[in-house]
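# Commentary on secondary and tertiary structure
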Amino acid sequence: MVSPRAHLVGDGVQNPANAEALAEAARMFAVPCSFRDSRGLAERLPELSTVDTAALLGGPGPLIAVDNTPGAESVYRAWPALDGASIVVGNERRGIRPDVLRAAAKTVQIPMPGRGVNTLNVATAAAVALYYLLDAHGRRQARAPRPDSHRPALLLAAPRDHVEAGSSLRSAAAFGWQTVTVDDREKVWFGTPRPVRNEARAAARSHRNPLRVVPAGDAWSPPPGSRVVICAPDVDGPPLHRTELTGTGTVLVIPDGEGWEPRPGAEFARVAVPGEPGRYRLLTGIVLAEAARQLSTRTATAPRPPRRGLSYGSVLGQTALPDTDLVQPWELTQY
Amino acid sequence: MPLSRSLRTDPYLMRATRRAGAPVPVRVCPPRRGFVHPADPADIVRVLTFFGPAAAYGLRGIELRQQPAAGTGPAVAALRVPGLVLLFEQPAPPWDLSGQLTDVATARLQRAGARVATGQASTRVDWPGSSLCDFMLFDGLMHEIGHHMIQHAARKHRTRAMRTADHERRADAYAVRARHAWAAQW
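Residues numbered from 1 in each chain as written. Chains lettered and ligands numbered in written order. Predicted model: local features only at pLDDT ≥ 70, side-chain atom pairs only at ≥ 80, totals over all residues. Heavy atoms only, no water.

### Some details on the overall build of chain B
Across its full length, chain B holds 6 helices and 9 strands. A separation threshold of at least 6 residues defines the contact pool for chain B, and within that pool the share at least 24 residues apart is 62%. Surface accessibility of chain B: about 9300 Å² in total, with carbon and sulfur atoms responsible for 56%. (Helix = DSSP H or I, 4+ residues; strand = E, 2+ residues; numbered from the N terminus. Contact = heavy atoms within 4.5 Å. Areas by Shrake-Rupley, 256 points an atom, 1.4 Å probe, with all protein chains shown as cover.)

### Considerations on the interface of chain A and chain B
With 29 residues of chain A at the interface, the matching set in chain B holds 45 residues. On the chain A side of the interface with chain B, the three residues burying the most area are Leu310, Tyr312 and Leu316 of chain A, jointly 28% of the side's total. Viewed at the interface, chain B and chain A are joined by 0 salt bridges. At the junction of chain A and chain B, the tally comes to 12 residue pairs in polar contact (both at pLDDT 80 or more). Looking at the side of chain A that touches chain B, the elements that each hand over two or more residues are α4 (98-103), β13 (311-315) and α9 (329-334) of chain A. With 5 residues, β13 of chain A is the largest single contributor of residues to the side of chain A that touches chain B. (Buried area = accessible area lost by both parts, 1.4 Å probe. Salt bridge = Lys/Arg side-chain N within 4 Å of Asp/Glu carboxyl O. Polar contact = N/O pair within 3.5 Å; in protein donor to acceptor, adjacent residues only side chain to side chain.)

### A closer look at the pairing of strand β8 (residues 179-183) of chain A
All names here are of chain A. Buried residues dominate β8, accounting for 4 of its 5 residues. In this sheet, β8 lies alongside strand β7 (residues 153-157) in parallel orientation, the contact comprising 3 bridges. Along β8, the bridge assignment pairs Leu155 with Thr181. The parallel pair β7 and β8 is bridged by helix α6 (residues 162-174), and the resulting crossover is right-handed. Of the crossover connections in this fold, the one passing from β8 over helix α7 (residues 194-203) to the parallel strand β9 (residues 212-215) is right-handed. (Buried < 20%, exposed > 50% of the residue type's maximum accessible area, 1.4 Å probe, protein only. Pairing = 2+ DSSP bridges. Right-handed = clockwise from strand over helix to strand, strands pointing away.)

### Side note on the sheet that holds strand β1 (residues 6-11) of chain A
Residue and element names in this part refer to chain A. Ordered by their spatial adjacency, 6 strands build an open sheet running β2-β1-β5-β3-β6-β4, and the pairing between neighbours is parallel. The open sheet has two free edges, formed respectively by β2 (33-36) and β4 (73-74), since each of these has just one partner strand. Sheet analysis places strand β3 (residues 63-66) next to strand β5 (residues 85-89), joined by 3 bridges and oriented parallel. Across the sheet, the residue bridging to Ala65 is Val88, located in β5. The strands touched by helix α1 (residues 16-28) within the sheet are β1, β2 and β5, with β2 carrying the most contacts at an inclination of about 145°. Along the sheet face, helix α5 (residues 122-135) touches β1, β3 and β5 and points at about 150° away from the line of β5. (Axes fitted to C-alpha atoms, helices over the stretch in contact; angles between N-to-C directions.)

### Comments concerning the confidence of the model for chain B
Residue and element names in this part refer to chain B. Counting all residues, the mean pLDDT for chain B is 88, and 94% of those residues have values of 70 or more. Ranking the elements of chain B by mean pLDDT puts helix α1 (residues 12-19) last, at 82, and strand β5 (residues 84-88) first, at 94. Overall fold confidence (pTM) sits at 0.63, and the ipTM for the predicted complex is 0.83. (pLDDT = per-residue confidence, 0-100.)

### Side note on the packing of α1 of chain A against α5 of chain A
When two helices pack together, their arrangement is given by the angle between their axes and by how far apart the axes lie. Residue and element names in this part refer to chain A. Remark: α1 packs on α5, axes separated minimally by 8 Å, with the N-to-C direction vectors making an angle of 15°. As the angle between them shows, α1 and α5 are arranged roughly parallel. The two elements α1 and α5 cross, and the hand of that crossing is right-handed. Here Asn18, Ala21, Leu22, Ala25 and Ala26 of α1 lie close against α5, whose contacting residues are Val122, Ala123, Ala126, Ala127 and Leu130. Classifying every residue of the contact of α1 with α5 by side-chain character gives 9 nonpolar, 1 polar and no charged. (Parallel < 35°, antiparallel > 145°, perpendicular 65-115°, else oblique. Left-handed = near helix turned anticlockwise from the far one by under 90°. Nonpolar A, V, L, I, M, F, W, Y, C, P; charged D, E, K, R; others polar.)

### Some thoughts on the sheet that holds β9 of chain A
Residue and element names in this part refer to chain A. Here 6 strands make up an open sheet; going across it, the order is β9-β8-β7-β11-β10-β12 and the pairing parallel. What marks the edges here is a single partner per strand, and that holds for β9 and β12 (267-270). Ignoring strand direction, the axes of neighbouring strands in this sheet form an average angle of 25°. Here β7 runs beside strand β11 (residues 250-255); their pairing, made up of 5 bridges, is parallel. Bridging from a neighbouring strand, Ala157 pairs with Pro255 of β11. Running at roughly 160° to β11, helix α8 (residues 280-295) makes contact with β7, β10 (227-232) and β11 of the sheet.

### Thoughts on the pattern of salt bridges
Throughout the structure, instances matching the rule amount to 23 salt bridges over all chains. Ionic pairing is found between Arg279 of chain A and Glu164 of chain A, a salt bridge with its closest N-O pair at 3.5 Å. Placement of Arg279 of chain A in the loop between β12 and α8 and of Glu164 of chain A in helix α6 is noted, with a sequence separation of 115 residues between them. Arg46 of chain B is the salt-bridge partner of Asp43 of chain B, the closest N and O atoms lying 3.0 Å from each other. Taken as a pair, Asp43 of chain B and Arg46 of chain B lie in helix α2 (residues 41-51) at a separation of 3 residues, close to a single helical turn. Salt bridges here are not isolated pairs; linked through shared partners, they connect Arg108, Arg111, Asp139, Asp172 and Arg179 of chain B.

### Topic: the packing of α6 of chain A against α8 of chain A
Residues and elements named next belong to chain A. Put simply, α6 and α8 touch, their axes get as near as 8 Å, and they point 15° apart. In terms of orientation, α6 lies roughly parallel with respect to α8. Every pair of crossing elements has a handedness; the one defined by α6 and α8 is right-handed. Between α6 and α8, the contacting residues are Val163, Glu164, Ser167, Ser168, Ser171 and Ala172 on the first element and Tyr280, Arg281, Thr284 and Leu288 on the second. Classifying every residue of the contact of α6 with α8 by side-chain character gives 4 nonpolar, 4 polar and 2 charged.

### Let's talk about the packing of aromatic side chains
Within this structure, the stated rule accounts for 9 aromatic pairs over all chains. Arranged with centres 4.9 Å apart and planes meeting at 85°, the rings of Phe50 of chain B and Phe51 of chain B form a pair that is edge-to-face. You can call Phe50 of chain B partly exposed: its relative accessible area is 34%. Among the aromatic residues, ring-to-ring pairing joins Phe29, Tyr76, Tyr131 and Tyr132 of chain A into one connected group. Lying over the aromatic face of Trp177 of chain A, Arg151 of chain A brings its terminal NZ or CZ to 4.6 Å of the ring centre. (Phe/Tyr/Trp six-rings, centres within 6.5 Å; stacked < 30°, edge-to-face > 60°. Lys NZ or Arg CZ within 6 Å of the ring centre and 35° of its normal.)

So this is what it looks like as structure tokens:
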């Protein structure tokens, strides 16, 4: 039996819908998914695979925590995960628990420049982390921060589920978009019954989401002279992370399924994942993360990078190091 | 008695007292396995409370972080101007360091109460009692606050207020004074 290249672990995930979405994110990247259950998730979804604390912390591979703790490394700059690594995402509100953070070989975060909303849905965050830690090799280099005028316009084309649409709008706000156009031909966002509307707005975190959502209308067409890039998992085009997604006049179109007819002259970018295509929020999360990476805008709360700013450091100086290296016993047990 | 002619030119201590605001936030990133944060947030708050508004004036935050990826030796602390102090995790005592420490680093550790035994290829550092916590609080935190006060009093965010050697000497002298003042209360 071939051992999987990575494991996805949900640490204390509370919402069953999020747990199912997380399992789907794992299937998208053809990796197994398990949950450390501390909040009764196993009783509500008995088919989910669970892992106990000892197995999680004492596993053979390194632990990679996805959490925005101080000092966490950007997932865009992190080295690809080693074979057998466990990639851990945490509870929706509290994040990863301290014992995992302590045991983690590396903590990565997804930089988010959004101001009102600065977090992603847990399954979306897992999909983005898996994409950059496992699959997005040979990506375009983001050389320098680009002005916000290079940010592409965004069209969510025919989303089929109101929660998926809301979660995608949350991701758009978190990655710094201020206006998003929605082609709402499935009637999931505008003019919906109150229960549907409430669920969709809750998924979008609309109480603090400053995003402006514009209906596309039946006769939507891109502005004259614009460049349209359609991002989907099953299109014929270069991989997403090797396609130029930014630039003045660029329109990113993310269709949900195959019901949306592309305009002639559009370019295609393929969201290349080894497993089955995931749900809409996972797809939009990956596309928006890649566009944000290519823009390389700074996060709203991040301080000035240390190389540019003035800093003073206090280090215990050492003379020339010998060729040997001291290894602690716990490092040997992890080796 | 220091006097001033305007609110802008008044001495640093008076200005700090007048402008003392919200407490300095202390954020914690848990240490990795085999490492500890010797000084916890409660210790830091206790020291900042003891030294009053002059020590906390202009500070934007204190973060307990994991060790940075690369460096010439074990990192103790850092200041990101303006006003962010980073205290790094340390190996759980006793320390077994590969190689030898410089004379300056050895003197610094011994001043903090550590017992340093230097061998051919390694150095062992024992930390009796609460000496490691005190080392982080004074040679780490107060040393960086010394740097911060120099920059903040000079109102300089992007350029150094004085040459680096002088900066380090004054920050070190501030940390030593702070240690003596702290010890004098017992």
